[in-house]
Amino acid sequence: ADARARWAAELRVGARVDALDSEHKWFDSVVVAAEPDRVRVHFRGWSERWDAWIARADRARLMPSFTRTDDWRGKLCVGATCEVSGEVAPGREPRWFEARVVEDRGDTAT
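Residues numbered from 1 in each chain as written. Predicted model: local features only at pLDDT ≥ 70, side-chain atom pairs only at ≥ 80, totals over all residues. Heavy atoms only, no water.

Another point: the nonpolar core. The biggest cluster of nonpolar side chains holds eleven residues, and these are L11, V17, A19, F27, V31, V39, V41, F43, A52, I54 and L62. Breaking this core down by element, the ones donating at least two residues are β1 (16–20), β2 (26–34), β3 (38–43) and β4 (52–55). At three residues, the largest contribution of residues to this core is made by β3. Here V41 is in contact with V17, A19, S29, V30, V31, V32, D51, A52, I54 and L62, once residues within four sequence places are set aside. (Core = buried A, V, L, I, M, F, W, Y, C linked by side-chain atoms within 4.5 Å. Buried < 20%, exposed > 50% of the residue type's maximum accessible area, 1.4 Å probe, protein only. Helix = DSSP H or I, 4+ residues; strand = E, 2+ residues; numbered from the N terminus. Contact = heavy atoms within 4.5 Å.)

Right, here's the structure in full:
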């Protein structure tokens, strides 16, 4: 098997991946469930209702982390601007706001 096939076969819960969503957009994602032939991915920044099962062999929708997306979270620092959304009521679309990072706590920014 090639390197990509070996990578896909070794995916486990918690693995970071790039995944293509139903709107054909790539997202930084995390594996939240794993079966022998497929994984369930969570598109970071979106609600669980958008989670999707993707076949491990699907090269068109599942790739190693940051091969199709930018590591923008890794570039956040105090003073940087970004878009954020708050809690959303069921059935409502999220509202996005521009924000500025005011404190860096290591893995999370506020």
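Strand direction decides the pairing type here: β2 and β3, joined by five bridges, are antiparallel. If you follow A34 over to β3, its bridge partner there is V39. Counted along the chain from β2 to the antiparallel partner β3, the turn is three residues long. Note: β3 against β4, four bridges, orientation antiparallel. Bridge pairing links R40 to W53 in β4. (Pairing = 2+ DSSP bridges.)

Let us look at the pattern of salt bridges. Side-chain pairing between opposite charges can occur once the charged atoms of the two side chains come close. This structure, assessed with the given rule, holds five salt bridges. Among the ionic pairs, E35 bridges to R38, the shortest N-O distance being 2.7 Å. A relative accessible area of 33% means that R38 is categorised as partly exposed. D70 is the partner of K75 in a salt bridge, and the nearest nitrogen-oxygen pair spans 2.9 Å. (Salt bridge = Lys/Arg side-chain N within 4 Å of Asp/Glu carboxyl O.)

Positionally, F66 belongs in the loop between β5 (62–64) and β6 (81–85). The class for F66 is partly exposed, based on a relative accessible area of 31%. Taking the C-alpha atoms as reference, F66 lies 13 Å from F43; in sequence the two are 23 residues apart. If near-sequence neighbours (up to four positions away) are discounted, F66 is found in contact with R16, D18, D28 and D71.

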